[in-house]
Amino acid sequence: SKPVLMELHKYAGTYIHILVSVTIMLGIQEKEGFVGCGYKVVSADLMPFLNYGLIPYACKISHSLGLVILAMGLFTSFGLARFPVL
């Protein structure tokens, strides 16, 4: 009973961790929409990174925070993964 409960705990914990990371990033995206993190596009935007200077400073901070949260989620999920021992 205890080993079964431990496996359930591992999978549920990992699932909850991923959902929390996604929820944090969606919250950041929602706040960026309220602030107006965008720029006027008049033609095909083939290289959006060139327009990075057109967005407000607060949006640059939130973009950086989103990347940090994404990296944290990926690295901790990688750390939780079980890999075969060679």
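Definitions and cut-offs
Residues numbered from 1 in each chain as written. Predicted model: local features only at pLDDT ≥ 70, side-chain atom pairs only at ≥ 80, totals over all residues. Heavy atoms only, no water. Disulfide = S-S within 2.5 Å. Helix = DSSP H or I, 4+ residues; strand = E, 2+ residues; numbered from the N terminus.

Trainee: Which parts of the structure should I look at to understand the state of the cysteines?
Mentor: A covalent bond bridging the sulfur atoms of two cysteines is what the word disulfide describes. With the rule as written, the count across this model stands at one disulfide. Disulfide partner of Cys37: Cys59, at an S-S distance of 1.8 Å. The sign of the S-S torsion, about -85°, decides the handedness of the disulfide formed by Cys37 and Cys59: left-handed. Of the two residues, Cys37 sits in the loop between α1 (2-35) and α2 (57-80) while Cys59 sits in helix α2, which places them 22 residues apart along the sequence.

Trainee: Explain the environment of Gly33 to me, please; I cannot follow it from the model alone.
Mentor: Considering the arrangement of structural elements, one finds Gly33 in helix α1. Between the alpha carbons of Gly33 and Cys59 there is a distance of 9.6 Å; along the sequence they are 26 residues apart.

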